[in-house]
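So the chains spell out like this:
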Amino acid sequence: MMTIVFSLFLLTMLVIVAVAILRTDNLFTAVMLSGIFSLIMAANFFVLDAADVALTEAVIGAGISTVLFLGALALTAEHDHSPPVGSWVPLVTSSALGGVIIFATLQAPRLGDPNAIVHKHVAPWYLENTPLLIDVPNVVTAVLASFRGYDTLGEVFVVFTACIGVMSLLGRVRPRGELIEEGEFDKRTDNLRHHLIPRVVGKMLVPFIVLFGLYVQFHGDFGPGGGFQAGALVAAGIILYSLVEGGARGRELVPEWFSGMLVALGAFTYAAVGVACMVMGGRFLDYSVLSHDPVHGQHLGILLIEAGVGMTVAGVMITIFHAFSRRGIR
Amino acid sequence: MDILLDIASTVLLVTGGFFVFVGGFGVMRMPELYTRMHAASLTDTGGAALILVGLMLQGGFTLVPLKLAAIFLFLFLTSPTASYALANAALLSGVKPPCRNETGKTFPGEPPVADGPKQSKSSAEKRTANKTVAGKAARKPAGKATRKPAKKAARKPARKKS
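This one's a predicted model, so the numbers in the text were calculated from it and none came from an experiment. (Residues numbered from 1 in each chain as written. Chains lettered and ligands numbered in written order. Predicted model: local features only at pLDDT ≥ 70, side-chain atom pairs only at ≥ 80, totals over all residues.)

> Explanation requested: the overall build of chain B in the structure shown.
Across its full length, chain B carries six helices and two strands. Going from N to C terminus, chain B has its helices and strands arranged as α-α-α-β-β-α-α-α. Of the contacts formed within chain B by residues at least 6 apart in sequence, a portion of 52% connects residues at least 24 apart. (Helix = DSSP H or I, 4+ residues; strand = E, 2+ residues; numbered from the N terminus. Contact = placed C-beta atoms within 7 Å.)

> Got a minute to help me understand the overall build of chain A in this structure?
Check the secondary structure of chain A and you find 14 helices and zero strands. When the helices and strands of chain A are read in sequence order from the N terminus, they spell out α-α-α-α-α-α-α-α-α-α-α-α-α-α. Over its C-alpha atoms chain A spans a radius of gyration of 22 Å, differing by no more than 12% from the 20 Å that the globule rule assigns to 330 residues. Seen along its three principal axes, the alpha-carbon backbone of chain A occupies a region of about 55 × 55 × 40 Å. Sorting the 330 residues of chain A into buried and exposed places 36% on the buried side. (Rg over C-alpha atoms; globule rule 2.2 N^0.38 Å. Buried ≥ 20, exposed ≤ 12 C-beta atoms within 10 Å, placed from the backbone.)

> What's the story with unusual backbone geometry in this structure? I'm lost.
With the exception of glycine, the majority of residues adopt a negative phi angle, and the majority of peptide bonds are in the trans configuration. All names here are of chain A. A positive phi angle, near 70 degrees, is found at Asp49, a position not held by glycine. On the secondary structure map, Asp49 appears in the loop between α2 (27-47) and α3 (51-75). Positive phi outside glycine occurs at Asp135, with the angle close to 60 degrees. Relative to the helices and strands, Asp135 is located in the loop between α6 (123-133) and α7 (139-147).

> Would you mind going over the packing of α6(A) against α7(A) with me for this structure?
Between two packed helices, both the angle of their axes relative to each other and the distance between the axes serve to describe the pair. Residues and elements named next belong to chain A. Viewed as axis vectors pointing N to C, α6 and α7 meet at an angle of 90 degrees, and their least axial separation amounts to 10 Å. On the basis of their axis angle, the class for α6 and α7 is roughly perpendicular. On α7, the residues that touch Tyr126, Leu127 and Thr130 of α6 are Val139, Ala142, Val143 and Phe147. Split into classes, the residues belonging to the contact of α6 with α7 amount to six nonpolar, one polar and no charged. (Axes fitted to C-alpha atoms, helices over the stretch in contact; angles between N-to-C directions. Parallel < 35°, antiparallel > 145°, perpendicular 65-115°, else oblique. Nonpolar A, V, L, I, M, F, W, Y, C, P; charged D, E, K, R; others polar.)

> Please clarify how the domain arrangement of chain A should be interpreted in this entry.
As a measure of interface size, the accessible area lost when the parts come together is often cited. Residue and element names in this part refer to chain A. For chain A, the assigned domains are domain 1 (1-79) and domain 2 (116-330). Centre-to-centre separation of domain 1 and domain 2, based on C-alpha positions: 22 Å. Its residues placed into classes, the side of domain 1 that touches domain 2 shows ten nonpolar, three polar and one charged. (Domains from an automatic or database assignment.)

As structure tokens, then:
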């Protein structure tokens, strides 16, 4: 009962925030509201017992993407040009799409229905066999890293490709030893450097955020967390440092060649574990052969690929942030 | 012993809830930004602190109170900082705190500087802020200084007025 009341409250807030995002023509307000939207969504995921997803949404949606949006805003105008009013095409398109989605939800199983298809399909098998085959308490990690390792490999390469796409739009990664200068976003956020309170508090929090990121990374087998969340958390710590100390100092701390290398190294680690499994006589990403004991091999494989995921995600976030923050240097 | 803990935690939780309620009420009812922020900060610090301590008493001798204490510490560091940053950003972007003139009428605008005792805090703050900016710029090593202090002052119109 309490859950339903809480969900209703959160979903109502979501609708209100979404309408507010649509109605504002100040892009800065829209960015802040979309951060709030993500935070409410994270709370919603948590109510639905999806702690791993909630953690990701809170870090990436509410934290990093807000900063990246602000970075984009620093390069463009702050006000939206009002779209032409009175055209009926958008109205018809969105009502038709909305109608289709509402029609589709009529067929969906009710919330928490034990007879829903997802609960009848492979989920029981996973729940039953995870303790036997992999023996980690967090089934989500077992599914993500081992049973569905191919999918996660694909996801990592999607993130990797996205990073390459953004970098090819925003500019190249600076090689080692090149002069570190300030971009447009740095100049906009430069004011922060002269405010002692955010600077001191921000710098004080950075080590703890990174430490928490590492905890989430290595505790992913036992509780909510894993490479995606951990990478985003570590990147958030470094982005916070760049915000309070200025982008140039941030690029001194984590040089661009290093974050770029991290992106490639993470994806490489993941794929290399797969190849190592083949070399040791198993199939691609079948970790059981990595050690003398299949379960132990699974643990080792999950640890390694989670490290790869974490490296890639952290590297991508930092690289994109740096690309935004030094944009405008000629 | 248990009943005492329960009573203490209930009292703390109810008081914290009251603080949150008053904070929310204040945000709705207060006339302008700075007073609203004052109300909101009540929720952030007083409300959150009391509720967290109340929950810690419920936790017993487990890891839970320790985790709550970590959240408590985190909130105590971040929410005043956020309030400071918000007020500062508002001041820089030209939102004036309302002031009272000789006739006792409130109006938004520059605080009166002429009479000594009435000198409001914000103008004094502005001056110290200006000083820090100048000091920082002067202390910067010449080689790395790609920023230009003169340009920076021009970007902060609200500060120059004092």
